[in-house]
Amino acid sequence: MKNIIRTILLTVLIVAVFKGVSTGQWSSSITIVIVSGVLLLVTFISAKSSRGSSVYTGSDSPVSSSSNSAHSHTNCSGGDSGGGCD
């Protein structure tokens, strides 16, 4: 959906710039150029910020699973000598 909006905004921006260059009357198309340019930048900035926040959502799961694998399993029964773990 965002790609469709970006394509439309880019098309409007290009048409407005082309019309301004060909007619030489920038006063009528400068508002369209500014608005469509700002909206185009906003779509890219919002995409970056939402993509960046989703990267860090699952960072806790590897840490918790790796901490459980650090336990060592030793046999402290001692048998006849009555030993144990020191």
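Residues numbered from 1 in each chain as written. Predicted model: local features only at pLDDT ≥ 70, side-chain atom pairs only at ≥ 80, totals over all residues. Heavy atoms only, no water.

### Considerations on the overall build of the protein
So, step 1. Helices and strands together make up the secondary structure of the protein, namely three helices and zero strands.
So, step 2. Along the protein, from the amino end to the carboxyl end, the secondary structure elements read α-α-α.
So, step 3. Within the span of the protein, comprising 86 residues, buried residues form 14% of the whole.
So, step 4. Long-range contacts, defined here as pairs at least 24 residues apart, represent 52% of the contacts in the protein between residues at least 6 apart.
So, step 5. Counting every atom, the protein has about 6,900 Å² of accessible surface; 65% of that belongs to carbon and sulfur. (Helix = DSSP H or I, 4+ residues; strand = E, 2+ residues; numbered from the N terminus. Buried < 20%, exposed > 50% of the residue type's maximum accessible area, 1.4 Å probe, protein only. Contact = heavy atoms within 4.5 Å. Areas by Shrake-Rupley, 256 points an atom, 1.4 Å probe, with all protein chains shown as cover.)

### What about the environment of Trp26?
So, step 1. You can see Trp26 is positioned in helix α2 (residues 26-55).
So, step 2. Separated by 10 residues in sequence, Trp26 and Ala16 have C-alpha atoms that sit 9.0 Å apart.
So, step 3. Once residues lying within four places of it in the same chain are set aside, the contact partners of Trp26 are Val17, Gly20 and Val21.

### Quick notes on the side chain of Thr43
So, step 1. On the secondary structure map, Thr43 appears in helix α2.
So, step 2. Non-local contacts of Thr43, meaning those with residues more than four positions away in its chain, are made with Lys2, Ile5, Arg6 and Leu9.

### Thoughts on the nonpolar core
So, step 1. Listed in full, the five residues of the largest apolar core are Leu9, Leu13, Ala16, Val33 and Leu40.
So, step 2. Elements that contribute at least two residues to this core include exactly α1 (2-23) and α2.
So, step 3. The greatest single-element share of this core, amounting to three residues, is contributed by α1.
So, step 4. Not counting chain neighbours up to four residues away, the residues in contact with Leu40 comprise Arg6, Leu9, Leu10 and Leu13. (Core = buried A, V, L, I, M, F, W, Y, C linked by side-chain atoms within 4.5 Å.)

### Digging into the packing of aromatic side chains
So, step 1. Counted according to the given criterion, the structure contains zero aromatic pairs.
So, step 2. In this structure, Arg6 packs its charged tip against the face of Phe44, placed 4.3 Å from the ring centre. (Phe/Tyr/Trp six-rings, centres within 6.5 Å; stacked < 30°, edge-to-face > 60°. Lys NZ or Arg CZ within 6 Å of the ring centre and 35° of its normal.)

### Section: α1
So, step 1. Between its terminal C-alpha atoms α1 stretches 31 Å, which fits the 32 Å expected from 22 residues at 1.5 Å a residue.
So, step 2. Where α1 is concerned, the buried positions are Arg6, Leu9, Leu13, Ala16 and Gly20. Buried positions in α1, seen along its axis, are confined to an arc of 100° and lie on one side of it. Looking at α1, the residues exposed on the side facing more than 90 degrees away from the buried face are Asn3, Ile4, Ile8, Ile14, Val15, Phe18 and Lys19. (Expected span 1.5 Å × (residues − 1). Arc of directions from axis to C-beta.)

These figures capture arrangement, not role.
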